[in-house]
Amino acid sequence: MNNEQQKIIKKVANEVKQKLEGEESGHDWWHIVRVWNMAKHIGKIEDADMIIVELAALLHDIADWKFYDGDDTIGPQIARRILEKYSVPAKIIDCVCDIIADMSFKGAGVKTEMKTLEGEIVQDSDRLDAIGAIGIARTFSYGGHENRPIHDPAQKPIMHQTKEDYFKSGSPTIKHFYEKLLLLKNRMNTKTAKKLAEGRHRFMEEYLDKFFQEWDGKI
Ligand code: NI
């Protein structure tokens, strides 16, 4: 990456930090930092175009569709405005906005395929942050934000077939593990992410085992 590109990354990072600092729903600035770092790590191994990877990682949650009544066009629009302000070349803006539009998880039965390697890397990095120890913390934090119970034994997991159904579901948080988090390991795109996902997945399974043992009063 050249000097000019590095300057752009810095400016965009600053702007995102200002906007997302203090967010409490699990899409805060530190989530962006983790995804950004992971995307840099995977991007280098996979030999990707790093300006696109880094910008998309930084801007991917600038307006999460789940907080705009299911409108998934807001994120790319805001990202475009920011990138135009810093005179990023049009071709790069288009790539980054395409990635942001395509990448979020919209239900077990809804396909979200990425068109580019750069998109696959950012999607993988975002999904890695949704599983494992951090994923567990973020899931309960989000559940609290949405006033959801942690667990309801009467409610069985639902594999949502449309984005609308997934968006409307008010699942208890434990159910969300089965409707999203445990499905992510098999949805990783890159080899590097697949490997990383295994350990994080196993940890969640161990966590759930423990959770149910304690729930049932067995330990
Ligand atoms: Ni994210």
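Bear in mind the structure is a predicted one, so any value in this text is a computation, not a measurement.

Asker: Which residues make up the nonpolar core, and what values do they have?
Answerer: Counting 57 residues, the largest nonpolar core has Val12, Val16, Trp29, Leu55, Leu58, Leu59 and Val96 as its most contacted members. Secondary structure elements with two or more residues in this core: α1 (3-20), α2 (29-46), α3 (50-59), α4 (74-85), α5 (90-102), α6 (117-128), α9 (173-179) and α10 (191-215). By residue number, the principal contributor to this core is α3, which donates 9 residues. Apart from the residues lying within four places of it in its own chain, the contact partners of Val16 are Trp29, Ile32, Leu58, Leu59 and Ile62.

Asker: Talk me through the coordination of the nickel ion; I want residue IDs and the actual numbers.
Answerer: Geometry reference: four tetrahedral donors at a metal, ideal angle 109.5 degrees. Six octahedral donors, ideal angles 90 or 180 degrees. Only His31 (NE2), His60 (NE2), Asp61 (OD) and Asp126 (OD) from the protein reach the nickel ion as donors, at distances of 2.1 to 2.2 Å. In this structure, the nickel ion is surrounded by 4 donor atoms whose angles at the metal cover 84 to 168°, and the resulting shape is irregular. Here the donor residues of the nickel ion share one chain and are spaced in sequence as H-x28-H-D-x64-D. Of the two residues, Asp61 is situated in the loop between α3 and α4 and Asp126 in helix α6; the sequence distance between them amounts to 65 residues. A single burial state applies to Asp61 and to Asp126, both of which are buried.

Asker: Can you lay out α3 for me, pointing to particular residues and giving the numbers?
Answerer: Across the 10 residues of α3, 10 count as buried, placing the element largely inside the fold. Listed as buried for α3 are Met50, Ile51, Ile52, Val53, Glu54, Leu55, Ala56, Ala57, Leu58 and Leu59. Residues of α3 that are buried make contact with α1, α2, α4, α5 and α6.

Asker: So what about the packing of aromatic side chains? Which residues, and what values?
Answerer: Applying the stated criterion across every chain, the model contains 6 aromatic pairs. With 6.0 Å between their ring centres and 50° between their planes, Phe140 and Phe177 make a pair best called tilted. Of this pair, Phe140 sits in helix α7 (residues 132-145) while Phe177 is found in helix α9, placing the two residues 37 residues apart along the sequence. A residue is classified by how much of its surface remains accessible, and Phe140, at 23% relative accessible area, is partly exposed. We classify Phe177 as buried; its relative accessible area is 0%. Summarising the aromatic geometry, the rings of Tyr207 and Phe211 are spaced 6.3 Å apart at their centres and angled 45° between planes, so their arrangement reads as tilted. With Tyr207 and Phe211 both in helix α10, this residue pair falls 4 residues apart, about one helical turn. A residue is classified by how much of its surface remains accessible, and Tyr207, at 27% relative accessible area, is partly exposed. Feature note: the residues Phe140, Phe177, Tyr207, Phe211, Phe212 and Trp215 constitute an aromatic cluster, connected by ring pairs. Over the aromatic face of Trp36 sits the side chain of Lys40, whose NZ or CZ is 4.3 Å from the ring centroid.

What counts and what doesn't
- Residues numbered from 1 in each chain as written.
- Predicted model: local features only at pLDDT ≥ 70, side-chain atom pairs only at ≥ 80, totals over all residues.
- Heavy atoms only, no water.
- Core = buried A, V, L, I, M, F, W, Y, C linked by side-chain atoms within 4.5 Å.
- Buried < 20%, exposed > 50% of the residue type's maximum accessible area, 1.4 Å probe, protein only.
- Helix = DSSP H or I, 4+ residues; strand = E, 2+ residues; numbered from the N terminus.
- Contact = heavy atoms within 4.5 Å.
- Donors = N, O, S within 2.8 Å, 3.2 Å for Na, K, Ca; no water.
- Tetrahedral: all angles 85-135°; square planar, octahedral: opposite > 155°, others 65-115°.
- Phe/Tyr/Trp six-rings, centres within 6.5 Å; stacked < 30°, edge-to-face > 60°.
- Lys NZ or Arg CZ within 6 Å of the ring centre and 35° of its normal.

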